[in-house]
Amino acid sequence: MAAYRAALGGSLAAVRLLPLGRCRPSPAPGSTLSGAAMEPAPCWLAGLRFDNRALRALPVEAPPPGPEGAPSAPRRVPGACFTRVRPTPLRHPRLVALSEPALALLGLGAPPAGEAEAEAALFFSGNALLPGSEPAAHCYCGHQFGQFAGQLGDGAAMYLGEVCTATGERWELQLKGAGPTPFSRQADGRKVLRSSIREFLCSEAMFHLGVPTTRAGACVTSESTVVRDVFYDGNPKYEQCTVVLRIASTFIRFGSFEIFKSADEHTGRAGPSVGRNDIRVQLLDYVISSFYPEIQAAHASDRVQRNAAFFREVTRRTAWMVAEWQCVGFCHGVLNTDNMSILGLTIDYGPFGFLDRYDPDHVCNASDNTGRYAYSKQPEVCKWNLQKLAEALQPELPLELGEAILAEEFDVEFQRHYMQKMRRKLGLVQVELEEDRALVSKLLETMHLTGADFTNTFFLLSSFPVELESPGLAEFLARLMEQCASLEELRLAFRPQMDPRQLSMMLMLAQSNPQLFALMGTRAGITRELERVEQQSRLEQLSMAELQSRNQGHWADWLQAYRARLDKDLEGAGDAAAWQAERVRVMHANNPKYVLRNYIAQNAIEAAERGDFSEVRRVLKLLENPYHCEAGAATDPEATEADGADGRQRSYSSKPPLWAAELCVT
């Protein structure tokens with residue numbers, strides 16, 4: 001253990017890859033870094049066995065010769081899917097939190113008391129390498145905000161290797177924030193505490209919500225710092241360098257197949273491996289045989305049909321994933337093609353957010369000025385990204401065949417899964433009716449009109465009294481009204497963002513020089529600003545009593561339709577009591593009580609920045625059980641937290657405080 005303390009107290013000058021066991025080959029030539037010191041030996045993590053199949057199956061660029069640091073120098077990486085790199089050590093790494101359920105995927109039990117935290121901090125920061133790991137950075141391209149950006153790649157993430165478990169599973173490990181790679185461009189390859197805590201917590205939250213996702217096993221911070229301008233407003237500050245251990249079957253993404261793209265007609269950028277169809281074939285063979293073996297087995301003699309079946313399955317999985325997002329109110333924020341998993345997993349948590357007040361046009365990413373990735377547009381954008389994947393697969397998949405599959409599968413699969421999930425959220429457990437689409441649409445419209453909290457409203461519906469003359473109806477309505485936005489909330493939400501003089505000038509420009517106005521790309525923003533001004537004017541004329549009366553009218557109308565639909569569902573059941581019990585059970589299993597609201601994450605971040613990681617760990621445990629506990633289940637983890645702004649105690653399932661509306665995530 002003294003070795004851990006010594007390594008934690010300073011930087012490791014270099015690393016060495018150590019062969020271990022028969023499940024993997026020795027490191028490839030060029031992978032052992034010269035001048036390396038002997039690595040500390042792990043204890044708790046000693047059972048991890050690496051077999052780095054991706055590096056055997058796909059072309060790997062060896063680091064070019066040169067001085068210390070040359071392997072991470074920014075450059076194009078042609079003719080390769082990976083390039084060998086090494087983590088840059090941090091000063092005094094310290095464990096923020098571990099996710100035991102995620103680490104259990106690797107066959108790891110609960111960390112033993114004593115030095116386990118120091119061991120985790122040492123190896124999961126990248127300050128030391130586990131025996132058999134072979135750090136590499138993955139090369140990919142991407143369409144960012146609709147424009148082809150050329151080579152991107154793992155600029156802040158590093159493949160460590162693939163762990164094989166005793167049950168035959170294989171998991172890729174990544175360190176995010178471990179230092180520069182050839183793909184870091186002008187950046188430093190680091191992530192900071194606030195963004196790392198958000199990714200760590202949300203990766204695990206999404207898994208426990210039942211949404212397909214990559215996982216996060218650990219979060220490690222340090223005394224090393226980098227400068228970040230958080231709001232891009234000219235006020236940079238020092239922030240702590242932090243690393244997240246990410247886990248998935250693979251982190252290959254749509255953009256992995258875009259490295260072969262020729263010069264884009266709009267941006268002029270090209271992928272680094274233009275013309276290398278041989279590598280595209282290798283990549284397809286690797287992905288399908290490794291992650292879609294049933295497709296490989298069914299179409300072994302017909303590559304085109306195999307590739308078509310692969311694209312069909314990716315389309316279905318992506319549609320299913322985004323349907324799940326919509327049903328839990330999740331906004332990704334940066335749905336570029338390089339952030340789309342080839343396995344249909346939620347990947348790369350950046351400026352994400354869960355809906356508080358329901359707003360279909362909600363944009364969680366403060367830098368998304370056009371609203372391209374708004375909540376309601378996510379299905380459309382995922383389909384657009386699949387179109388780009390189809391283009392990237394040709395000629396191995398003829399484009400007309402890929403487009404036909406996309407047109408045939410995506411919308412149908414999305415609507416099917418979305419409606420299945422929504423019926424469960426509404427407790428419609430007996431029969432499926434075509435009118436259900438209109439019921440769901442009207443519910444969302446009512447939530448929008450009343451500013452209802454997305455998560456809490458769905459959760460509350462499980463307590464709706466089904467009986468027509470139920471004495472509990474008045475109490476239910478009162479609780480429902482509490483989930484609607486107050487005048488103060490609405491006035492804050494629709495507060496104009498532009499100076500009136502600036503808005504007036506932009507409107508004058510739109511009239512006098514529409515061509516220039518169009519080139520500036522601000523039409524959508526001006527439209528939204530005009531809507532805010534109009535809404536703010538209406539709100540100024542509205543009293544709280546009038547708002548509540550209006551909200552009650554909207555909800556009374558919808559609840560009447562909901563009760564009528566529940567009556568039809570009950571008709572198909574033989575036992576009313578059993579039907580009611582099943583309805584409530586299904587609703588509790590599909591409507592979370594807890595999601596990672598931005599203000600909850602922010603409170604945990606602020607505590608961690610003061611050196612207190614207890615709130616991160618507390619929220620992590622809470623999010624492991626997001627659904628309502630049923631009778632006989634474990635104790636409900638309901639708890640309260642101190643509001644970061646006013647110090648009041650607030651339930652984790654409460655509507656967010658007013659200050660949460662001011663949070664800016666980029």
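Summarised in this report is the structure supplied together with it. The structure displayed is predicted, hence computed values, not measured ones.

Section: helix α4 (residues 116-124)
Right, on to step 1. Judged by how many residues are buried, α4 sits mostly within the fold: eight of nine residues are covered.
Right, on to step 2. Along α4, the residues that are buried comprise A116, A118, E119, A120, A121, L122, F123 and F124.
Right, on to step 3. Positive phi appears at G126, one or two residues downstream of α4, with a value of about 90 degrees.

Considerations on the side chain of N590
Right, on to step 1. Topologically, N590 is positioned in helix α19 (residues 576-590).
Right, on to step 2. Here the side chain of N590 touches K421 through a polar contact of 3.3 Å, side chain to side chain.
Right, on to step 3. Discounting residues that sit within four places of it in the chain, N590 has contacts with K421, R424, K425 and Y627.

A look at the pairing of strand β11 (residues 215-228)
Successive side chains on a regular strand alternate, one facing one side of the sheet and the next facing the other.
Right, on to step 1. Extensive coverage of β11 is indicated by the burial of 11 of its 14 residues.
Right, on to step 2. One ladder, built from four bridges, connects strand β4 (residues 94-98) with β11; its direction is antiparallel. Bridging from a neighbouring strand, A97 pairs with C219 of β11.
Right, on to step 3. The pairing of β11 with strand β12 (residues 237-248) spans 10 bridges and is classified as antiparallel. Along β12, the bridge assignment pairs V226 with E239.

Some remarks on the packing of aromatic side chains
Right, on to step 1. The tally for this structure, following the rule as stated, stands at 19 aromatic pairs.
Right, on to step 2. When the centroid spacing of 6.1 Å and the interplanar angle of 70 degrees are considered together, the rings of F330 and Y349 count as edge-to-face. Of the two residues, F330 is situated in strand β13 (residues 330-331) and Y349 in the loop between β13 and β14 (353-354); the sequence distance between them amounts to 19 residues.
Right, on to step 3. The exposure class assigned to Y349 is buried, which follows from its relative accessible area of 4%.
Right, on to step 4. Their ring planes at 20 degrees and their centres at 4.8 Å tell us that W558 and Y562 sit as a pair that is stacked.

Conventions and cut-offs
- Residues numbered from 1 in each chain as written.
- Predicted model: local features only at pLDDT ≥ 70, side-chain atom pairs only at ≥ 80, totals over all residues.
- Heavy atoms only, no water.
- Buried < 20%, exposed > 50% of the residue type's maximum accessible area, 1.4 Å probe, protein only.
- Helix = DSSP H or I, 4+ residues; strand = E, 2+ residues; numbered from the N terminus.
- Polar contact = N/O pair within 3.5 Å; in protein donor to acceptor, adjacent residues only side chain to side chain.
- Contact = heavy atoms within 4.5 Å.
- Pairing = 2+ DSSP bridges.
- Phe/Tyr/Trp six-rings, centres within 6.5 Å; stacked < 30°, edge-to-face > 60°.

So, to be careful, I would describe these as geometric facts and stop short of saying anything about function.
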